[in-house]
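Per-entry structural report
The residues making up each chain are set out below.
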Amino acid sequence: MDQWDTSNRHELAHISAEIAYLGFKIAVLEAYSYALRKGNPDGIRLGQIYFNLLANRQPDIAAAIRGTPFDPFHKHRITQVVEQRVLELWARLPKYKDQWVV
């Protein structure tokens, strides 16, 4: 396999991970929107929803960021730094990392 093939496969794996992550983000925003429409009686934070859904869908990633500066649980918003770190970890999952390797 030449360098172009390796680079191209890496890019395809990253794109696949980004698509999956976008689906996750949509689920987070839908859950938060639902809480807001209900008046958010429990005072749930966006970071709390994000982390709980992450723990449900990608527990290894949630475990990797739990208790670190990337943990959004106690935050009212998700920073770009958190999103970049989670996407980086998401792209390293074998499902995405290895799917384009022949």
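This section reports on the structure supplied with the text. (Residues numbered from 1 in each chain as written. Predicted model: local features only at pLDDT ≥ 70, side-chain atom pairs only at ≥ 80, totals over all residues. Heavy atoms only, no water.)

Turning next to the side chain of Q58. Looking at the secondary structure, you find Q58 in the loop between α2 (46–57) and α3 (59–65). When its relative accessible area of 18% is taken as the criterion, Q58 is described as buried. (Helix = DSSP H or I, 4+ residues; strand = E, 2+ residues; numbered from the N terminus. Buried < 20%, exposed > 50% of the residue type's maximum accessible area, 1.4 Å probe, protein only.)

Quick look at the pattern of salt bridges now. This structure, assessed with the given rule, holds three salt bridges. Measuring nitrogen to oxygen at the nearest pair gives 2.9 Å for the salt bridge that ties K25 to E83. In this pair, K25 sits in helix α1 (residues 3–37) while E83 sits in helix α4 (residues 80–91), placing the two residues 58 residues apart along the sequence. The partly exposed category is assigned to K25, whose relative accessible area is 26%. For R92, the salt bridge goes to E88, with nearest N and O atoms at 3.1 Å. (Salt bridge = Lys/Arg side-chain N within 4 Å of Asp/Glu carboxyl O.)

Let us look at the packing of aromatic side chains. Applying the stated criterion across every chain yields a total of five aromatic pairs. Pairing F24 with W90 gives two aromatic rings, centres 5.5 Å apart and planes at 50°, and the pair type is tilted. With F24 in helix α1 and W90 in helix α4, this pair connects stretches of sequence that are 66 residues apart. Taken as a pair, F24 and W90 share a single burial class, namely buried. Between F51 and F73, the ring centres sit 6.2 Å apart and the planes meet at 90°, which makes this aromatic pair edge-to-face. Of this pair, F51 sits in helix α2 while F73 is found in the loop between α3 and α4, placing the two residues 22 residues apart along the sequence. When its relative accessible area of 6% is taken as the criterion, F51 is described as buried. Connected via pairs of aromatic rings, a cluster forms that spans Y21, F24, Y50 and W90. Here R85 stacks its cationic end above the ring of F70, 5.8 Å away from the centre of that ring. (Phe/Tyr/Trp six-rings, centres within 6.5 Å; stacked < 30°, edge-to-face > 60°. Lys NZ or Arg CZ within 6 Å of the ring centre and 35° of its normal.)

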